[in-house]
Amino acid sequence: LGTEQDETFYKTLDQQILGDENFLKKVQKRVDDTDRPIRKPSLQAILKAIEEVTGVHHEEMFSRSRTGDAVFARGLLNAVSI
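Basis of the calculations
- Residues numbered from 1 in each chain as written.
- Predicted model: local features only at pLDDT ≥ 70, side-chain atom pairs only at ≥ 80, totals over all residues.
- Heavy atoms only, no water.
- Axes fitted to C-alpha atoms, helices over the stretch in contact; angles between N-to-C directions.
- Helix = DSSP H or I, 4+ residues; strand = E, 2+ residues; numbered from the N terminus.
- Parallel < 35°, antiparallel > 145°, perpendicular 65-115°, else oblique.
- Left-handed = near helix turned anticlockwise from the far one by under 90°.
- Contact = heavy atoms within 4.5 Å.
- Core = buried A, V, L, I, M, F, W, Y, C linked by side-chain atoms within 4.5 Å.
- Buried < 20%, exposed > 50% of the residue type's maximum accessible area, 1.4 Å probe, protein only.
- Salt bridge = Lys/Arg side-chain N within 4 Å of Asp/Glu carboxyl O.
- Expected span 1.5 Å × (residues − 1).
- Arc of directions from axis to C-beta.

## Some thoughts on the packing of helix H2 (residues 43–54) against helix H4 (residues 68–80)
Remark: H2 packs on H4, axes separated minimally by 10 Å, with the N-to-C direction vectors making an angle of 140°. In terms of their interaxial angle, H2 and H4 are classed as oblique. For H2 against H4, the interelement crossing comes out right-handed. The segment H2 lies against H4, with Leu43, Ile46, Leu47, Ile50 and Thr54 engaging Phe72, Ala73, Leu76, Leu77 and Val80.

## Regarding the nonpolar core
Ile46, Leu47, Ile50, Val56, Met61, Ala73 and Leu77 together form the largest nonpolar core, which totals 7 residues. Among the secondary structure elements, those contributing two or more residues to this core are H2 and H4. For this core, the element with the highest residue contribution is H2, accounting for 3 residues.

## A short note on the environment of Phe62
Relative to the helices and strands, Phe62 resides in the loop between helix H3 (58–61) and H4. Sequence separation between Phe62 and Ala73 is 11 residues; the distance between their C-alpha atoms is 9.7 Å. Apart from residues no more than four positions distant in its own chain, Phe62 is found in contact with Leu47 and Leu77.

## Observations regarding the pattern of salt bridges
Using the criterion set out here, one finds 1 salt bridge in the structure. Here Glu21 and Lys25 are joined by a salt bridge, their closest N and O atoms 3.9 Å apart. Of this pair, Glu21 and Lys25 both sit in helix H1 (residues 21–33), separated by 4 residues, roughly a single helical turn.

## Looking at H4
In this model H4 runs 18 Å from its N-terminal to its C-terminal C-alpha over 13 residues, within 8% of the 18 Å that 1.5 Å per residue would give. On the buried face of H4, the contacting elements are H2 and H3.

## Quick look at H2
Taking 1.5 Å per residue, 12 residues should reach 16 Å; H2 reaches 16 Å between its end C-alpha atoms and fits that length. Among all positions of H2, only Ile46, Leu47, Ile50 and Thr54 are buried. Axial view of H2: buried residues confined to an arc of 95°, hence all on one face. Away from its buried face by more than 90 degrees, H2 exposes Gln44, Lys48 and Glu52. Contact partners of the buried residues in H2: H3 and H4. Directly beyond the C-terminal end of H2, a positive phi value near 80° is found at Gly55.

None of the figures reported here should be taken as evidence of function without further support.
Okay, structure coming up:
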């Protein structure tokens, strides 16, 4: 084992990934393979999930009710629909 360091391992490429050019190409290929669009759940699916978790019906979520459960369900809907 020598005391010299191979500086090619510490060189930055694209200012994000450390490694030589071959390593960068392998990483980029893996990243490119996962760039499929993510399918978001429908509003109905989100409402159903919130109803199941909170017990608050979707009609109450859209009402003017200020009960703690309705407020929580609306906040949850707001948080997950972003």
